Each structure stands twice: as structure tokens, then as C-alpha cells.
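Below are the chains, spelled out letter by letter.
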Amino acid sequence: MDMISNLSDDLLLKILSQLPTKDVVETMFLSKRWKFLWMMVPKLDFDDSVYEYFDDERVEYKVFREYVDRFLVLYKSPVLETLKFNLGCPMSTTDDMSTWIRFAIARRVRELEIYRSCEDDFHSFPLPRCLYTFEKLVVLKLYKSISLDVPREVCLSSLKVLHILSVHYKDKNSLRRLLSGCPVLEELVIDKSEDEYPPSLYVIMNSLERLSILNEFHDSGQETFFVDEKVVINVPSLKYLNYVDIYDLGHLCSSENMPELVEANVKLVCESPEKLMRSLTSVKRLSLCLYGSVLQHRIEFCQLVRLELCGCGPKWWNLLTWMLQSSPKLQVLKLNKCGEICICSIAPAIIRSWGQPSSVPDCLQFHLSTFEWKYYNGRREEKKVVAYILKNARQLKTAIFSTKDSYLQEKQSQKKLKELVSLPRASSSCQLLVD
């Protein structure tokens, strides 16, 4: 401890910043050297989950509230880098949060994160109006039972990162008003999985570089449909796109003007995916899972070098053919399932006969060097795909196959994988690996 105590204040504060705030306070008892350091820690993280709300929620929450109040009163640092709240008790009130946020504003907080989880919407609370005009804020992250009642005047002139995950919107225009007041925003994450609003989403921002739009909640018994639902994206500086929507509500996804896009992850249930796909032509790395109509028109992905394709939808064979023909510079091809719960599992997969390309795609003749297939089961159509790629991929260096299908016995799985070894290969240097 003596060696640590000899470090400079700046180094000690960096060390303390990595600890939970509750533990930081206890360092004041170590020695005189540490007595007042906790008052200057630039990162604060208040978590009421350390309290047990079994008997009397009011009493336990009062203890937590008084603890936070005392800490903030004694806090001395002129600039607060990060302030985080993790609130699970429904007894937390708008007044408490307003007080704490006003303190953060007075300390020129740069990053504010509020996670508030309650079991029902009744306990969601609005944020204080002063937050929407705080010009020093750089990062704002809001989760769960928070209500966005956005005023007409919004000025978050320094905000670069905004995460809004499963919050509640006062009205359908709240999000548009919020985004309009963020002129230098670079990263936006919106999870609208559990939201009534906004049924339509407009992201039209010149500064945005990273965008994630998530709509992953699925309830087979849900009967709510938004006929006029729209997703409009116009982001000319975008570098990364993560677009996940497992609903097929007939919505219009219109995206354009993304010439700087480098990487995209798209998981989409949609009857007309062409409009979104046409905006991805500059992408270099693409993870793709589509469930819906087969794409009808050729779209050239002239910069695409890495493709990961979800192989569990009923029409994925045709999508594979379409992508091979549309990606002349493709170097890495991975066939996979996009997770334990794939969007394609909403409806049962129908295995259809695979139709190989009418001519050998350029990517197979000149560029493809890595081919990987996870969850390979050795079915007839799968073997056709593998045989075609191995036969025509002249530059292939590595082909990797593995299976984790619980329906196949281990010995049977290994047998099906080893059958691949005998298939002819266009590349004499191709190394075939079986996991």
C-alpha cells in the first residue's frame, strides 16, 4: 500500500476510477494520503442493485438516495468525466434524477448514462428539460424505463454519442426533435424493440459515422401493425451500419447517400430489401441475414472483400448465388447462423434446390482465398454448394468446415465432413480443415 500511496494524485485517481463508487468511498479510511482523494474521482457509478429490496422498498431506496446525495454534496472535482446510474427500484423518482442531473450539469459532465429497469411502463419518468440544452455533454446513454418528453428547443451542440435503448417516447416526434438538436453526432444507437413510438424513424444527419437500429423483439401473438411505418436513412458520412429488424410489417426502408460505408451488419425481415441493399454498394465487410423475397435486380458490391452470410433461411441458396455474382472482389466467404435465435427461425426453413450461377463469378476465379462454413450438415444441396466453390475457386487458400448440429451424432458428423476431402479443388494450394 505504501508503494501505491507514493504515486501521483493523477495516477491514483485513474486507479480509483476503475472501482465501483461504493468501494472508492471506503478508501478514505486507508490513510491520510487517501482521505480526500475519493472526492476528486472523475468517474462515478451509482448502482442501487447492491441494495436488497425485499422487505421495504421505500426504506432501502431512501438509504441509497441519501448515500448519493451525500456523495454529490461532498464531491469536489470541477469537471466530472462520467456519471452512471443503474436504478432498478420503482421508488426512484423524477425529482431525484432531476437533482442528480442538475448536479452533473453544474460539474460539466461529459458522459451521462442512465439505466432504469422497471417491470411496467407506469414507473417510467421524464428527464429534466435542462438536459436537452446542456452544450457540454459529449456522450448520452439511456436505457429502459425513461420517458423522452423532448421540448421544441434542443441544443446538444457537443454530443457525439447517443444511445437510446427501449425507452418510452412522449409522442411520435420526440426522437426527431432530439436528433435535430445534435449537429455533430457521430454515433447513434436506437433500440425500438419495445416502443410504441416512433412507428417511423428518420435519421438524416451529415455528421453521423456509426448507426445501429435494432428491432429484435418478436411476439407471434402480437397484433399491432403500423401501416405507415417508415425507416428513412440519409447519412453521407456513415462508416458503420448495424440494421436489425425482425418484423415484416410492410414498412418502407429507404436509405441513400452512404458513399463512405465500410462495414455493415444487416438482419432483416422485409418483402422488398432492394432499397436498403442498394445503399450498401461501397461496403467492404458485410454480414447479411435476409428473410423475405429473393432480390430481383443485380446490385454491384465492387468494394466487398468479406461476406458473412446467414444460411438458415428458406431462400438463402439463391441469395448466395446472387451475392457471388454481385461481388467481383470477394476474398473471404463465411456461411454461418447469425446466433442462437436467428431471424430466419421465425418461420420454418424450406430447403430448395440450389441453382448454381450461369457462369463462374469473377470472385471465384480471381480473388476468393478463404471459405468457411459453420454448422455444415452435409445435406445434398450443401454438398453441391461446397463442390461448386472448391471446383471453381482458383485462388482458394483455406476451406474450413465445422458442425455443431445437435441432431447429428458425432461419428456421423465427422463422416460427412471427411467426405469433403475427396472433392476436386481448382486450387492446388488449398488447405481443407475439418473441425
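Please read these numbers as outputs of a predicted model, since none were measured by experiment.

Parameters at a glance
Residues numbered from 1 in each chain as written. Predicted model: local features only at pLDDT ≥ 70, side-chain atom pairs only at ≥ 80, totals over all residues. Heavy atoms only, no water. Pairing = 2+ DSSP bridges. Helix = DSSP H or I, 4+ residues; strand = E, 2+ residues; numbered from the N terminus. Disulfide = S-S within 2.5 Å. Contact = heavy atoms within 4.5 Å. Buried < 20%, exposed > 50% of the residue type's maximum accessible area, 1.4 Å probe, protein only. Salt bridge = Lys/Arg side-chain N within 4 Å of Asp/Glu carboxyl O. pLDDT = per-residue confidence, 0-100.

### Description of the sheet that holds strand 4 (residues 125–126)
Here is step 1: The parallel open sheet is built from 3 strands, whose spatial order is 4-6-8. Both outer strands of the open sheet, strand 4 and strand 8 (168–169), are each paired with one neighbouring strand and no more.
Here is step 2: In terms of strand pairing, strand 6 (residues 146–148) meets strand 8 through 2 bridges, oriented parallel. What sits directly across from leucine 148, in strand 8, is tyrosine 169.

### With respect to the state of the cysteines
Here is step 1: Applying the stated criterion across every chain, the model contains 0 disulfides.
Here is step 2: No disulfide involves cysteine 155; its nearest neighbouring cysteine sulfur is the one of cysteine 182, lying 9.3 Å away.

### Remarks on the environment of proline 78
Here is step 1: Structurally, proline 78 can be placed in the loop between helix 4 (57–74) and strand 2 (82–87).
Here is step 2: Separated by 36 residues in the primary sequence, proline 78 and proline 42 place their C-alpha atoms 9.2 Å from one another.
Here is step 3: Those residues in contact with proline 78 that sit more than four places away from it in its chain are Met40, Arg107 and Arg108.

### Some thoughts on the pairing of strand 9 (residues 187–191)
Here is step 1: Among the 5 residues that make up strand 9, 4 are buried, leaving the element largely enclosed by the rest of the structure.
Here is step 2: Where strand 7 (residues 161–165) meets strand 9, 5 bridges bridge the pair, whose relative direction is parallel. Within strand 9, the residue paired with valine 161 across the bridge is glutamate 187.
Here is step 3: Of the pairings in the sheet, the one linking strand 9 to strand 11 (residues 210–215) comprises 5 bridges and is parallel in character. Looking at the pairing, valine 189 lines up with serine 212 of strand 11.

### Concerning the pattern of salt bridges
Here is step 1: What the rule picks out here adds up to 10 salt bridges.
Here is step 2: Within the structure, one salt-bridge network assembled from shared partners comprises Arg380, Glu381 and Lys384.

### Some details on the confidence of the model for the protein chain
Here is step 1: Per-residue confidence for the protein chain averages 80 on the pLDDT scale, and 73% of its residues sit at or above 70.
Here is step 2: Within the model, the stretch residues 218–227 combines pLDDT values under 50 with 8 contacts to residues more than four positions away or in other chains.
Here is step 3: Throughout residues 345–351 the model reports pLDDT below 50, and contacts reaching past four residues in sequence, or to other chains, amount to 10 contacts.

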